[in-house]
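# Working through the structure, step by step
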Amino acid sequence: MANEQIWAPWRLAYIRGEDKQLRPPPKGVFLAGADPDCFLCQAVADPEEPLRYVVGQTELSICVLNRYPYTNGHLLVAPRRHCERLEQLSPTEQMDLLGLLIRMVQRLEKTLQPHGFNIGFNLGQAAGAGLPGHLHWHVVPRWQGDTNFMPVLASVNVIPQSLEALWQLLREDAP
């Protein structure tokens, strides 16, 4: 059996801890109550910066590509306002978030044609939240047979498309 080459361009920088560090936006552009160190608050303050990977937003919600995706098209949908608990969301924010989530799932269905989705929250560090202070949904596209030998034998997931290419594709398809 021959060895296969797999290209995952973002992975080495992540493993080495050399990921691109963006400068935070100026403090004056953050929403009231924002955390200047929070990458979601930074995306809200600076959505046009390409390396923030914003693919959708509304008055109350924002959607970004996950920089360390489980699968191609892994998105994070979050309130623009920095809050960590579901009960802190107003009913208007709840509906706005759900509306953006629905639109982003439809956009992924149109552009990537996944066979299904895993959608959920990791609430708190004990639940796996990498950013426990800013509530966000994970939207993970899934395909039949996407569990292959790499996750089983090597605990590795391979993403075949760069974040930049996917970001451009999803932004072009925006309503």
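A brief structural summary. What you are looking at is a predicted structure, and each value in this text was computed from that prediction instead of being measured. (Residues numbered from 1 in each chain as written. Predicted model: local features only at pLDDT ≥ 70, side-chain atom pairs only at ≥ 80, totals over all residues. Heavy atoms only, no water.)

With that out of the way, let us pick up the nonpolar core. V55, C63, L65, L75, V77, V139 and L170 are the most contacted members of the largest nonpolar core, which totals 22 residues. Taken together, the elements giving at least two residues each to this core come down to β2 (61-65), β3 (75-79), α3 (91-112), β5 (137-142) and α5 (163-172). Here the element with the most residues in this core is α3; it accounts for seven residues. Look past the residues within four positions of V55 in its chain and what remains in contact with it is C63, V64, L65, L75, M104, R107, W167, L170 and R171. Listed in part, the 13 residues of the second largest apolar core include C38, C41, A43 and L131. (Core = buried A, V, L, I, M, F, W, Y, C linked by side-chain atoms within 4.5 Å. Buried < 20%, exposed > 50% of the residue type's maximum accessible area, 1.4 Å probe, protein only. Helix = DSSP H or I, 4+ residues; strand = E, 2+ residues; numbered from the N terminus. Contact = heavy atoms within 4.5 Å.)

What follows concerns the pairing of β2. Burial of β2 is extensive: five of the five residues sit out of reach of the surface. Residue alternation in β2 divides its side chains into two sets, S61, C63 and L65 and I62 and V64, and both sets are buried. Relative to β2, strand β1 (residues 54-57) runs antiparallel, the two being bridged by three bridges. Bridge assignment links Q57 to a residue of β2, and that residue is I62. The hairpin turn running from β1 into β2, its antiparallel successor, is three residues long. Of the pairings in the sheet, the one linking β2 to β3 comprises five bridges and is antiparallel in character. Considered in β3, the bridge of C63 is made with V77. (Pairing = 2+ DSSP bridges.)

Let us now look at the pattern of salt bridges. Enumeration according to the criterion identifies four salt bridges in this entry. The salt bridge partner of R52 is D46, with a shortest N-O separation of 3.2 Å. Residues E93 and R81 are paired through a salt bridge, measuring 2.8 Å at the closest nitrogen-oxygen approach. Of this pair, E93 sits in helix α3 while R81 is found in the loop between β3 and α3, placing the two residues twelve residues apart along the sequence. For R81, a relative accessible area of 32% gives the class partly exposed. (Salt bridge = Lys/Arg side-chain N within 4 Å of Asp/Glu carboxyl O.)

Moving on, we come to the environment of R52. Considering the arrangement of structural elements, one finds R52 in the loop between α2 (39-45) and β1. Since its relative accessible area comes to 8%, R52 is described here as buried. Through-space distance from the C-alpha of R52 to that of Q42 is 7.9 Å; in sequence the pair is ten residues apart. Those residues in contact with R52 that lie beyond four places of it in its chain are L22, R23, P24, P25, Q42, A43, D46 and V64.

None of the figures reported here should be taken as evidence of function without further support.
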